[in-house]
Amino acid sequence: MDQDLPTVPATLPRWLLGSLAVGLFALVALQLGVDPYGVWGTPVAPCCTATKVAQAATERMFKPYQVADTTPEVVFLGSSSIHMALPATWPGVADDRVYNLALDGMHVPELEGMVDFLLARSETTPETVVLVADLFWLSARARAPRPGFSVDRLDALAAGGPTAWWWRVRETVLAREAVGASLRTPVASVRAEGQPMSIRGQAQLVNPRSARAGWAWAWAVDHLRTYGGFRRSTRDLDRLVELVGRLRAAEVDVVVALAPVHPDLRLTMHLHGLDDDLADLRAAMVSTGPVWDFTGGPLERSDWLDPGHVHPRLGAAMVAVLSGQAGEVTDGWPVQLVDATAARWDVDAVVERAAAEPELVAALMGADDEMTVAVGIEGWLDQAWPHPPRRP
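The following refers to the structure shown. (Residues numbered from 1 in each chain as written. Predicted model: local features only at pLDDT ≥ 70, side-chain atom pairs only at ≥ 80, totals over all residues. Heavy atoms only, no water.)

**Brief notes about the environment of Val179**
Looking at the element boundaries, Val179 is found in helix H7 (residues 176-191). Each C-alpha atom of the pair Val179 and Val34 lies 9.7 Å from the other, and the pair is 145 residues apart in sequence. Leave out the neighbours within four places in its chain, and Val179 touches Leu27, Gln31 and Val173. (Helix = DSSP H or I, 4+ residues; strand = E, 2+ residues; numbered from the N terminus. Contact = heavy atoms within 4.5 Å.)

**What about helix H10 (residues 263-271)?**
Most of H10 sits out of view: seven of its nine residues are buried. Every buried residue of H10 is accounted for by Asp264, Leu265, Arg266, Leu267, Thr268, Met269 and His270. Note on H10: the residue one or two positions beyond its end, Gly273, has a positive phi of about 70°. (Buried < 20%, exposed > 50% of the residue type's maximum accessible area, 1.4 Å probe, protein only.)

**A few points about the pattern of salt bridges**
In total, this model carries 19 salt bridges according to the counting rule given. Put simply, Asp264, Arg301, Arg353 and Glu357 are held in one network by salt bridges that share partners. (Salt bridge = Lys/Arg side-chain N within 4 Å of Asp/Glu carboxyl O.)

**Let's talk about helix H9 (residues 234-249)**
Along its 16 residues, H9 runs 23 Å from first to last C-alpha, staying within 8% of the 22 Å computed at 1.5 Å per residue. For H9, the full list of buried residues reads Asp236, Leu237, Arg239, Leu240, Leu243, Val244 and Leu247. Taken around the axis of H9, the buried residues stretch over an arc of 160°, which confines them to a single face. Turned more than 90 degrees away from the buried face of H9, the exposed residues are Arg235, Glu242 and Ala249. Contacts from the buried residues of H9 go to helix H4 (108-120), strand E3 (128-133), strand E6 (253-258) and helix H11 (275-286). (Expected span 1.5 Å × (residues − 1). Arc of directions from axis to C-beta.)

**So, unusual backbone geometry**
Peptide bonds are, in most cases, trans, and in most cases residues other than glycine have a negative phi. For Arg200, which is not glycine, the phi torsion reads 50° and is therefore positive. Tracing the sequence through the fold places Arg200 in the loop between strand E4 (198-199) and strand E5 (202-203). In this structure Arg200 comes out as partly exposed when scored by relative accessible area, which is 27%.

Written out as structure tokens, the structure reads:
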């Protein structure tokens with residue numbers, strides 16, 4: 001016995017296609033309107049799109065897009081200390097033509113990728129590159145690119161055209177992470193009162209201040225993870241020198257510097273036997289020309305966020321030194337312009353400190369977990385850096 005089969009209304013396919021089109025349009029409108037990574041040039045609404053929280057951990061992704069769009073005249077390259085400290089300003093250059101391309105935890109393979117990207121097109125080749133080197137760049141253990149770094153992305157942006165456009169759409173509009181970032185941005189903007197997360201590549205911190213308890217933990221992490229078991233990549237040291245040569249061969253003015261190192265972190269490097277590695281890094285950089293050496297301080301912990309990161313309030317003064325507008329950063333922080341005639345790095349001060357503070361050395365070297373080391377450092381800090389008076 002035949003039965004009538006259910007029929008599909010003629011309007012259903014059109015309704016489904018229409019719904020899909022409306023949904024896609026709404027998604028694109030949301031992503032372009034919020035612009036969670038700051039790569040589409042959408043005007044910022046302080047109330048709801050200014051605090052782009054996704055930028056806090058995605059600088060390897062969004063920074064190349066911004067560089068491709070801004071075509072800066074001056075670019076900063078460095079690790080997290082430069083990523084957080086240096087404002088994207090330069091004397092005689094409009095602010096929108098200066099960009100901080102430093103990356104948290106950058107090392108030489110990533111630096112090489114960024115240099116290739118900058119030199120690939122005349123539009124992205126800056127007139128000046130400020131390269132601030134630190135020892136972590138040469139860590140053989142940390143050579144693998146961190147999540148978010150992509151040579152394919154850099155190559156696509158360098159080539160331009162439809163491929164670069166598709167990369168941008170796929171990563172910042174269609175990706176699930178991008179949609180989630182757009183949904184979080186308005187809430188973060190309200191909570192942070194519209195404070196941006198990044199200004200021309202410089203990370204912005206909410207009420208940046210030194211934290212005494214955080215100091216001990218950050219120092220313990222650097223002591224055990226960053227420099228404990230550190231092994232230098234000699235090949236990367238040679239490549240670093242070659243990269244400076246490549247930039248100068250492309251008629252880029254390269255300003256070379258050594259990143260600030262707090263004496264506490266300098267002690268950690270000494271205890272792990274890295275004095276020669278530091279000296280070799282300095283010598284290699286000096287072999288390329290004069291080098292601004294910021295490793296002498298400042299000594300006050302209040303001028304730092306933690307042992308590895310100088311406070312952003314000193315960033316403008318660092319730029320003044322690097323641009324040749326000043327001779328020192330601040331009182332108590334002498335900055336040296338060293339060349340091939342400079343003496344080898346003096347280690348007497350750190351050797352004397354290690355001998356004079358056996359309790360601190362015991363706290364640093366007496367355990368292999370961060371918590372125990374941090375507690376030991378905290379006990380030593382009770383005397384070296386007492387707690388501020390508590391409010392009644």
